[in-house]
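Listed below are the residues making up each chain.
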Amino acid sequence: MRKPIIAGNWKMNKTPKEAKELVEALKPLVKDAKASVVVCVPAVDIAAAVEAAKGSKIAVGAQNVHFKESGAYTGELSADMIKAAGATYVIIGHSERRQYFGETDETVNLRTVAAVNAGLNPIICVGENKAQREAGYTDALVEYQTLIALTGLTPAQIKKVVIAYEPVWAIGTGLTATDEQANETIGVIRKAIARKYGKGVANAVRIQYGGSMKPSNVKGLMAQEEIDGGLIGGASLKAEDFAKVVNYED
Ligand code: PGA
C-alpha cells in the first residue's frame, strides 16, 4: 500500500513571517493526518517553515533546484543548499517553470538526478495543456515526460520519487479533471513505469493529482485507486482549506 502524500505549492506567496504563521496554524489541524504532509515554499521561507514545523509531521519542500553542485550560476540554488536549509522535498518541472522559465524535459531530468543524489525527494510535475488533450496526445505526452524525467535513476531511487500529474488546463483555473480522467491518466503513467522498470517499482511510486484540488473535490479524487495524493496551489495558502484537503474533508 502506498502512503498518500498531500503537498502544498505556495508558488510566489508568503514572506518568512507569513510562512511561520501559516505552518503554526496548520500544525494542530493536520496532526492526525493519514497522508504525508508537505509544504513547498519559496526558498527564502524554507528556514522559517522548517523551524515552525518542528515537532510536527509537516515536511518542507522547495519549488525548484539547480542541477550543478556549485559554481557560477547566479540566482540558482543547489540541492545541497536546499537540504542544508532543512527541506526534504523539491518540486521539479512545474508547468509554470516549463511555460515561463524555459524548463524542458531534459532539464527536469538533470534536476531530478541532482535532487535524488543529494537525498531530496523530488515531486516531478507532468501534464498536458488543453490543445494537447484535445488533439489526443495526453497519454503519449505524460508517458514521455515521466520516462525522460526518471532516466538515470536506479529502480530503488525511482520507488521514492513522487510524480504529480497536473493537467495544465486545470491549474489555477478552477477547472478540475474529473475523478475518472485523473485516475485514468495516472494509471497511464503507472503503466509506463511498469513497462520500463517493472510492476514492483510502478506500484511503489506515489502519483499525485494537481490542478484546482480543494476541499470540495478532494474526497472524490482520493477515492480513486490510482491517485496517491495531491499537489495543491491556491487551496494551500490558507491553513483551514489546506487542512481540509489533507484530511479529505469538504
Ligand atoms: P492550483 O495549483 O491548485 O492552484 O490549481 C496546483 C499547482 O500548480 O500545483
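Heads up: the structure comes first, above all this text.
In what follows, the accompanying structure is described. The shown structure was predicted, so the numbers you read here are calculated from the model rather than taken from an experiment. (Residues numbered from 1 in each chain as written. Predicted model: local features only at pLDDT ≥ 70, side-chain atom pairs only at ≥ 80, totals over all residues. Heavy atoms only, no water.)

Broken down by element type, the chain carries twelve helices and eight strands. Overall, the chain is about 45 × 45 × 35 Å in size when its C-alpha atoms are taken along their principal axes. Looking at the chain alone, contacts between residues at least 24 apart form 73% of all its contacts between residues at least 6 apart. Total accessible area on the chain stands at roughly 11300 Å², and carbon and sulfur atoms take up 54% of it. The positive charge centre, built from 30 side chains, and the negative charge centre, built from 28, are 4 Å apart in the chain. (Helix = DSSP H or I, 4+ residues; strand = E, 2+ residues; numbered from the N terminus. Contact = heavy atoms within 4.5 Å. Areas by Shrake-Rupley, 256 points an atom, 1.4 Å probe, with all protein chains shown as cover. Lys, Arg positive; Asp, Glu negative; His and termini not counted. Charge placed at Lys NZ, Arg CZ, Asp CG, Glu CD.)

Taken together, 13 residues lie near the ligand, and Lys11, His94, Glu166, Gly172 and Ser212 sit nearest. In this structure, an oxygen atom belonging to the ligand sits 3.5 Å away from a side-chain N or O atom of Asn9. Between the ligand and Gly172, the relevant distance is 2.7 Å, taken from an oxygen atom to a main-chain nitrogen or oxygen of the residue. If the ligand stood free it would expose 280 Å²; the protein chains cover 95% of that surface. (Near = heavy atom within 4 Å. Polar contact = N/O pair within 3.5 Å; in protein donor to acceptor, adjacent residues only side chain to side chain.)

Attention now goes to the sheet that holds strand β8 (residues 229-232). Ordered by their spatial adjacency, eight strands build a closed barrel running β1-β2-β3-β4-β5-β6-β7-β8, and the pairing between neighbours is parallel. Strand-to-strand, the axes of this sheet are offset by a mean angle of 25 degrees, without reference to chain direction. Inspection of the sheet shows strand β3 (residues 58-62) paired to strand β4 (residues 89-92) by two bridges, in the parallel sense. Residue Ala62 lies in a different strand from β4, and its bridge partner there is Val90. Helix-sheet contacts for helix α12 (residues 239-246) involve β1 (5-9), β2 (36-40) and β8, and the interaxial angle to β1 is about 155 degrees. (Pairing = 2+ DSSP bridges. Axes fitted to C-alpha atoms, helices over the stretch in contact; angles between N-to-C directions.)

Another aspect to go through is the side chain of Asp105. As for its position among the elements, Asp105 is in helix α5 (residues 105-117). Setting aside residues up to four positions removed in sequence, Asp105 forms contacts with Arg98, Tyr144, Gln145 and Ile148.

Here helix α11 (residues 215-222) has its buried residues at Pro215, Asn217, Val218, Leu221 and Met222. For α11, the buried positions fall inside an angular range of 155 degrees around the axis, keeping them on one side. Exposed and oriented more than 90 degrees from the buried face of α11 are Ser216 and Lys219. Summarising the contacts, the buried residues of α11 are in contact with β1, α9 (179-197), β7 (206-210), β8 and α12. (Buried < 20%, exposed > 50% of the residue type's maximum accessible area, 1.4 Å probe, protein only. Arc of directions from axis to C-beta.)

Here is a general trend for soluble globular proteins: nonpolar side chains tend to be buried in one another's company. Judged by nonpolar contacts, the single largest core of 65 residues is most densely connected at Val39, Ile163 and Tyr209. Those residues in contact with Ile163 that sit more than four places away from it in its chain are Ile124, Val126, Thr146, Leu150, Ile189, Val205, Arg206, Ile207 and Gln208. (Core = buried A, V, L, I, M, F, W, Y, C linked by side-chain atoms within 4.5 Å.)

Moving on, we come to the pattern of salt bridges. Think of it this way: side chains of opposite charge can pair up when their charged atoms draw near. Considering all chains together, one arrives at 13 salt bridges under this definition. Its salt-bridge partner being Glu21, residue Lys17 comes within 3.2 Å of it at the nearest N-O pair. Placement of both Lys17 and Glu21 in helix α1 (residues 16-29) is noted, with a separation of four residues, approximately one turn of the helix. Note on Lys17: relative accessible area 59%, which makes it exposed. Here Glu21 falls in the partly exposed class, since its relative accessible area comes to 42%. (Salt bridge = Lys/Arg side-chain N within 4 Å of Asp/Glu carboxyl O.)

Direction vectors running N to C along α1 and helix α2 (residues 46-53) enclose 25 degrees, while the axes themselves pass 8 Å from each other. By the angle between their axes, α1 is roughly parallel relative to α2. With respect to the hand of their crossing, α1 and α2 are arranged in right-handed fashion. Along its contact with α1, which presents Pro16, Lys20, Val23, Glu24 and Lys27, the element α2 presents Ala48, Ala49, Ala52 and Ala53. Class assignment for the residues of the contact of α1 with α2 results in six nonpolar, no polar and three charged. (Parallel < 35°, antiparallel > 145°, perpendicular 65-115°, else oblique. Left-handed = near helix turned anticlockwise from the far one by under 90°. Nonpolar A, V, L, I, M, F, W, Y, C, P; charged D, E, K, R; others polar.)

Among the five residues of β3, five are classified as buried, and the element is accordingly described as predominantly covered. Neither face of β3 is left uncovered, since the one carrying Ile58, Val60 and Ala62 and the one carrying Ala59 and Gly61 both have all their residues buried. When β2 meets β3, the two strands line up parallel, connected through four bridges. Each residue of the ladder has a partner; that of Val39, found in β3, is Val60. Following the backbone out of β2, through α2 and into the adjacent parallel β3, one traces a crossover that is right-handed. Once the chain exits β3 it traverses helix α3 (residues 79-84) before rejoining the sheet at β4, and the crossover so formed is right-handed. (Right-handed = clockwise from strand over helix to strand, strands pointing away.)

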